[in-house]
Amino acid sequence: MLWLTAGALAAALLMIGGLIALVLVQGVSTFWPSKVMQIETSDGRRLMGEVTRVQSYRPSAAVLEALPERSRDRPRAALARAEGSAQRRLLRIGNYELTGEHFAWVSDFEIGSESMPRWVVVIERRTWGRFYGEPVAFTVDDAIVADTPQEAWHRYEAAIGEVQERWRERRRLETHEIGEVNGRLEQGRLRIRAAELEHGRHSAERARAEAEFADAQAQATADFERIRAAVRALDAENARYRLVMRTAAGQEANIALADIVRAYPANVLGPAGSLQLYLSRWWEFLADEPREANSEGGVFPAIFGTVAMTLIMSLLVTPFGVLSALYLREYARGGIVISTVRIAINNLAGVPSIVFGVFGLGFFCYIVGAGVDQLLFAEKLPTPTFGTGGILWASLTLALLTLPVVIVATEEALAAVPNSMREGSYACGASKWQTIQRIVLPRALPGIMTGMILAIARGAGEVAPLMLVGAVKLAPELPIDATAPFLHLERSFMHLGFHIYDLGFQSQNSEAAKPMVFTTTLLLIALVTLLNLTAIWLRGRLRRRFVSSQF
């Protein structure tokens, strides 16, 4: 029996360690730059890209028949020597607007020659993904100012900083200033609607609101024109600078510098340059917004949404869980009713999480949310405010899901407080509530904190219910921002777990999204680990402060 139990523990640890090692290796290596290869196949095709995977396979007869007749002898001989097995590489070739594909498999027996050209540049673009090629010219106002790869690259490095600064200013104008003007117009329309609902269609209040809205429209038109003029000026200045690239197949492409996120000469990067690029990609991943259907860019909105939802959930679940456990342990008399309640709580912990999502959608969104809209946001109807998914309903749904964890942990912590301490308190004349407040709860606090953090850890990793009650693929507006009332509980939000699901199963380019799946998974594991470490630290401090039994 000893060996059996020890073996089961070893197998469990091995599986967990293997899972974490796989995610760690794949996630950490995602952003490290690779060298770019140029391959010419035996049928004259030229490819350029990064090797993302190498694997062995057994090519079928159709693969050989697809080769030119004059090129079949060498692959046949190579396959015969390897007993029908061959190796192939998966190249990330980019240039999607020219090739129509992001990746291409190349078998070793197809390769005629391969090299690593010195001046290959990898361009990460805002749209269309990566571009691989050599810079052949740099143009300003369509006039060539550099016509060699080295000179073109130096001109690019000199110009890209100012171009990106103008691009960020353009984005600020579009997202913040235009958004603010649209917000003012929307508020004006809502005031008209509210006056109509409260005082009637032909009331003086509605007429006054319409007059104010007309003034706001005139001001908004002037603001829009001013912002558009500024955007046009920035676009015109950025459009002057272009990098002319030539692909391995000899095609040329003019790439505007404003479309470039970053570019680097992959085959001349040294260790320091590679490390700088690696850290730059990590910073973008942690602090920026996603792009290219979430397969590139950052996950900051997902990190923010996950943390915000988890904190709101904690604020909701902890009081309910602790008060429920206090009643069950300190006040309720034992009997069939209490036993039934405890069984129900334990069974609640085993209900599939998607069931909680369905309940949250039906009860919180469609019943409670629709009622709130009727009472407080009637002027916005039929567009729902709280009558659809949002971070508040998602937090409440997960609070319900994690409630059994808090109740059970709190009950165990309360039970661990010796009865002699309660009896001593009563003997000194303390009331029931004074005893709970000053004797029982302080000593049970480490156990209560452990249950709460376990609930946080579980809530942070749940995905299924969130798909129904608020998590979305892309949410440009955060639930907390600088716009009054600052906390927008009705807004949908991004979540790291849902982001992983979206990348893995909904992405059009699943191969390109695969590294991001591992990296986002690593980030989610790190977040949950951080919560657990915080729990251990808090529990240690509370245990030292309040004398308590082990829990």
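For the structure, see preceding data.
Everything numeric in this text was worked out from a predicted model, so none of it was measured. (Residues numbered from 1 in each chain as written. Predicted model: local features only at pLDDT ≥ 70, side-chain atom pairs only at ≥ 80, totals over all residues. Heavy atoms only, no water.)

With respect to the packing of helix 12 (residues 419–427) against helix 13 (residues 432–461)
Where helix 12 meets helix 13, the axes come as close as 10 Å, and the angle between the chain directions of the two elements is 145°. With respect to the hand of their crossing, helix 12 and helix 13 are arranged in right-handed fashion. Together, Met421, Arg422, Ser425 and Tyr426 of helix 12 and Lys432, Thr435, Ile439, Val440 and Arg443 of helix 13 make up the contact between the two elements. Grouping the amino acids of the contact of helix 12 with helix 13 by side-chain chemistry returns four nonpolar, two polar and three charged. (Axes fitted to C-alpha atoms, helices over the stretch in contact; angles between N-to-C directions. Helix = DSSP H or I, 4+ residues; strand = E, 2+ residues; numbered from the N terminus. Left-handed = near helix turned anticlockwise from the far one by under 90°. Contact = heavy atoms within 4.5 Å. Nonpolar A, V, L, I, M, F, W, Y, C, P; charged D, E, K, R; others polar.)

Notes on the pairing of strand 7 (residues 130–140)
Among the 11 residues in strand 7, 10 count as buried, and that is most of the element. Judged from the four bridges that link them, strand 6 (residues 121–125) and strand 7 form a sheet pairing that is antiparallel. Residue pairing in the sheet places Ile123 in a bridge with Phe131 of strand 7. Between strand 6 and strand 7, which pair antiparallel one after the other, the connecting turn spans four residues, and Trp128 there sits at a positive phi close to 75°. Two strands pair when backbone bridges link them, and strand 7 and strand 9 (residues 241–246) are joined in this way by six bridges, in the antiparallel orientation. When the bridges of strand 9 are listed, Pro135 appears paired with Met245. Two strands pair when backbone bridges link them, and strand 7 and strand 8 (residues 143–146) are joined in this way by three bridges, in the antiparallel orientation. Directly across from Phe138, in strand 8, lies its bridge partner Ala146. The loop that links strand 7 with its antiparallel partner strand 8 comprises two residues; one of these, Asp141, has a positive phi angle of about 55°. (Buried < 20%, exposed > 50% of the residue type's maximum accessible area, 1.4 Å probe, protein only. Pairing = 2+ DSSP bridges.)

Observations concerning the pattern of salt bridges
As enumerated under the stated definition, the model contains 34 salt bridges in all. For the salt bridge of Arg281 with Glu124, the shortest nitrogen-to-oxygen distance reads 2.5 Å. Placement of the pair is Arg281 in helix 7 (residues 271–287) and Glu124 in strand 6, with a sequence separation of 157 residues. A residue is classified by how much of its surface remains accessible, and Glu124, at 4% relative accessible area, is buried. Glu165 is the partner of Arg168 in a salt bridge, and the nearest nitrogen-oxygen pair spans 3.2 Å. Separated by three residues within a single helix, Arg168 and Glu165 lie in helix 5 (residues 149–199), roughly one turn from each other. Here Arg168 falls in the partly exposed class, since its relative accessible area comes to 43%. Taken together, the salt bridges that share partners define one network made up of Arg92, Glu124, Arg262, Arg281, Glu284, Arg291 and Glu296. (Salt bridge = Lys/Arg side-chain N within 4 Å of Asp/Glu carboxyl O.)

Observations regarding the nonpolar core
The biggest cluster of nonpolar side chains holds 47 residues, and the ones touching the most others in it are Met309, Leu414, Leu466 and Phe493. When residues of this core are assigned to their parent elements, the largest contribution, 12 residues, is made by helix 11 (residues 391–415). Not counting residues within four places of it along the chain, the set of residues in contact with Met309 comprises Ile391, Ala394, Ser395, Leu398, Gly459, Leu466, Phe493 and His495. Within the second largest apolar cluster, 22 residues are counted, among which are Trp119, Phe131, Ala152 and Trp153. (Core = buried A, V, L, I, M, F, W, Y, C linked by side-chain atoms within 4.5 Å.)

Let's talk about the packing of aromatic side chains
One pass over the full model with this rule turns up 16 aromatic pairs. Centre to centre, the rings of Phe31 and Trp282 are 5.1 Å apart; their planes meet at 85°, and the pair counts as edge-to-face. Of this pair, Phe31 sits in the loop between helix 1 (2–28) and strand 1 (37–41) while Trp282 sits in helix 7, placing them 251 residues apart in sequence. Overall, Trp282 belongs to the buried group, its relative accessible area being 18%. (Phe/Tyr/Trp six-rings, centres within 6.5 Å; stacked < 30°, edge-to-face > 60°.)

Concerning the side chain of Arg92
The residue Arg92 is located in strand 3 (residues 86–92) in this model. Reaching out from Arg92, the side chain makes a polar contact with the side chain of Glu296 at a distance of 3.2 Å. Contacts of Arg92, omitting those with residues within four sequence positions, involve Met48, Gly49, Glu50, Thr52, His102, Phe103, Arg130, Tyr132, Glu296 and Ala512. (Polar contact = N/O pair within 3.5 Å; in protein donor to acceptor, adjacent residues only side chain to side chain.)

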